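Listed here are the chains, written in short residue letters.
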Amino acid sequence: MSTPAADTATTVGKINPDVLAFTEGKDPVLDLALAEVDCLGTAAHVTMLSRMDFKPTLFTEEQRVAVLRALRDIIGEARRGDFTITAADQDVHLAVERRLTERLGDLGKKVHTCRSRNDQVAVDIRLHVRNELNALTVELADLARALLALAEAHKAVPLVGRTHLQPAMPSSVGMWASAYAEMLLDDAYLLEAAYKTNDLCPLGSAAGYGVPLPIDRQLTSDLLAFSRPHHNVFYASCARGKDEAVLLAACSQVMLSLSRLAEDLILFSMPEFRYFTLPRDLCTGSSIMPQKYNPDVLELIRAKAALLVGQATSANVILKALPGGYNRDLQDTKELYMEGLRVTRASLRIMRLMAEHLTVNPEACRAAFAEPGVFATDRALELVAGGMPFRDAYHQVRDHLEDLRGMDPDAVIAQKTHLGGTNGLDFAQLRARADALAAQALAAQAKVDAAFAALMDV
Ligand code: ARG
């Protein structure tokens, strides 16, 4: 047997290299996405410690300013891609502490006072998720607006409405496209819920049980523009993982909506349908079949919806039967939520391109009405309007389907003037919802950015 490799020296003691590699996992890479927010969290924490009514003073004002300036420089390094997390650092938290200590000596060693990596990582994730969720929400609103523009531009183009994928009743491109816009706007309620439960500050929970010094948790929460601190510090530590799981649940609903939209687009752009033509530059070719323009983008959105459901499920299962308090299992929810956010945002953006550049073929949409059965229900209800009991009308139409040949789909969709019908769609109301959603997310982010600027203004 070969002799085991020597233990690796880390900020928190010597660790067997295999154990170190296994326990840190992908943190040295994944945590790079948290470098900036880790510095902001530290800036708020140190600012709070400097204002604490406690002797001996933990941080004088000069010391606070020195730490915040160094943190500002580290943020600059992170933005330039120059900030690195070594294996010995394990994660971003100890990497930032190492950088501070390299620059500031003993002062850097003080920043972890009254704090644990457990509340530190939890606050980092919440700050990161808040930024990402605001951006994602704007991207969702943009896609909803693109779908509404498509709907309005083709509101009078009839489309065969389907149940069981079989022709059912006349619909319209306006109804089809704005339905997906409305679906996404409803998914945004879930994003909003995820935003609310994410917008809470766990800082000061430390290892999960608070600290014996009079820290001001409300102040750190305010400095970071959270809606409020978590109340019970033990709960604050238990909320790690739950935050990520709730976010993934919301994102997976968004992805399920996109996946269904993708499926419709794949189907309706097949040559056998040709209702729509996908933008060529959003399709990909084949290495052997010269004629090919394939909807790979849409197929991948379908697959990514499956990944999101998997990530949400993985996060839930990590939480199930997890004892209260911090457990290292929680670290593995990090990649899940980061990937989930990345994939959902990328899918929203690519689907928006699809919606903006999709071609609608009105003649193909109308040609699909040649089979007359799709008018049967409308004819039966016409007979009802003439006084016939519905079941009699149903049978009469069923026995004379051929009589429906030649009915005009344009006239039929114009008749449905009731709320939400083909001729009763309130695009303006849906657009107002999308606009309000984007405006709310932009305002929330502006508030966050202003708080960060004020915090770091030293
Ligand atoms: N990288 C760790 C995580 O993501 C940080 C917290 C480590 N805490 C601990 N008690 N080992 O969970």
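It should be emphasised that the depicted structure is a prediction, and the values quoted were computed from it without experimental measurement.

*Asks:* Looking at this structure, how should I read the packing of aromatic side chains?
*Replies:* Working definition: an aromatic ring pair is given by the centre-to-centre distance plus the angle between the planes. Summed over the entire model, instances satisfying the criterion amount to 10 aromatic pairs. Taking 6.2 Å as the distance between ring centres and 50° as the angle between the ring planes, the aromatic pair formed by F390 and Y394 counts as tilted. You can see F390 and its partner Y394 sitting in helix α16 (residues 390-399), 4 residues apart, about one turn around the helix. Here F390 falls in the partly exposed class, since its relative accessible area comes to 35%. With relative accessibility at 32%, the residue Y394 sits in the partly exposed group. Connected via pairs of aromatic rings, a cluster forms that spans W176, Y180, F268, F273, Y275 and F276.

*Asks:* Can you help me understand the packing of helix α15 (residues 376-385) against α16 in this one?
*Replies:* Helix-helix packing is characterised by the crossing angle of the two axes and by the distance between the axes. Where α15 contacts α16, the axes come no closer than 8 Å and their chain directions differ by 135°. Judged by the inter-axis angle, α15 sits oblique to α16. Handedness of the α15/α16 crossing: right-handed. Contacts between α15 and α16 pair A376, R379, A380, L381, L383 and V384 from the former with F390, A393, Y394, Q396 and V397 from the latter. Looking at the contact of α15 with α16 residue by residue, the classes come out as 9 nonpolar, 1 polar and 1 charged.

*Asks:* I keep staring at the pairing of strand β3 (residues 158-163) and nothing clicks. Help me out?
*Replies:* On a regular strand, each side chain points to the face opposite its neighbour's, so the side chains alternate between the two faces of the sheet. Relative to strand β4 (residues 166-172), β3 runs antiparallel, the two being bridged by 6 bridges. Within β4, the position partnered with T163 by the bridge is Q166. Here β3 folds back onto β4, and the loop between the two strands holds 2 residues, one of which, H164, carries a positive phi near 55°.

*Asks:* What exactly am I supposed to notice about the pattern of salt bridges here?
*Replies:* In a structure, side chains of opposite charge can pair up when their charged atoms sit close to one another. One pass over the structure, following the stated rule, counts 32 salt bridges. Here E61 makes a salt bridge to R64, at a shortest N to O gap of 3.0 Å. Placement of the pair is E61 and R64 together in helix α4 (residues 61-80), with a separation of 3 residues, close to one helical turn. By relative accessible area, E61 is classed as partly exposed at 45%. The salt bridge partner of R145 is D435, with a shortest N-O separation of 2.7 Å. Residue R145 is located in helix α7 (residues 117-153), and its partner D435 is located in helix α18 (residues 427-455); the two are separated by 290 residues in the primary sequence. What makes R145 partly exposed here is its relative accessible area of 26%. One connected set of salt bridges, linked through shared partners, spans E77, D89, R98, R99 and E102.

*Asks:* I'm lost on the environment of D264 in this one. Help?
*Replies:* Assignment of secondary structure puts D264 in helix α11 (residues 242-268). Overall, D264 belongs to the buried group, its relative accessible area being 17%. Once residues lying within four places of it in the same chain are set aside, the contact partners of D264 are W176 and Y180. Side chain to side chain, D264 and W176 meet in a polar contact 2.8 Å long.

Cut-offs used in this document
Residues numbered from 1 in each chain as written. Predicted model: local features only at pLDDT ≥ 70, side-chain atom pairs only at ≥ 80, totals over all residues. Heavy atoms only, no water. Phe/Tyr/Trp six-rings, centres within 6.5 Å; stacked < 30°, edge-to-face > 60°. Helix = DSSP H or I, 4+ residues; strand = E, 2+ residues; numbered from the N terminus. Buried < 20%, exposed > 50% of the residue type's maximum accessible area, 1.4 Å probe, protein only. Axes fitted to C-alpha atoms, helices over the stretch in contact; angles between N-to-C directions. Parallel < 35°, antiparallel > 145°, perpendicular 65-115°, else oblique. Left-handed = near helix turned anticlockwise from the far one by under 90°. Contact = heavy atoms within 4.5 Å. Nonpolar A, V, L, I, M, F, W, Y, C, P; charged D, E, K, R; others polar. Pairing = 2+ DSSP bridges. Salt bridge = Lys/Arg side-chain N within 4 Å of Asp/Glu carboxyl O. Polar contact = N/O pair within 3.5 Å; in protein donor to acceptor, adjacent residues only side chain to side chain.

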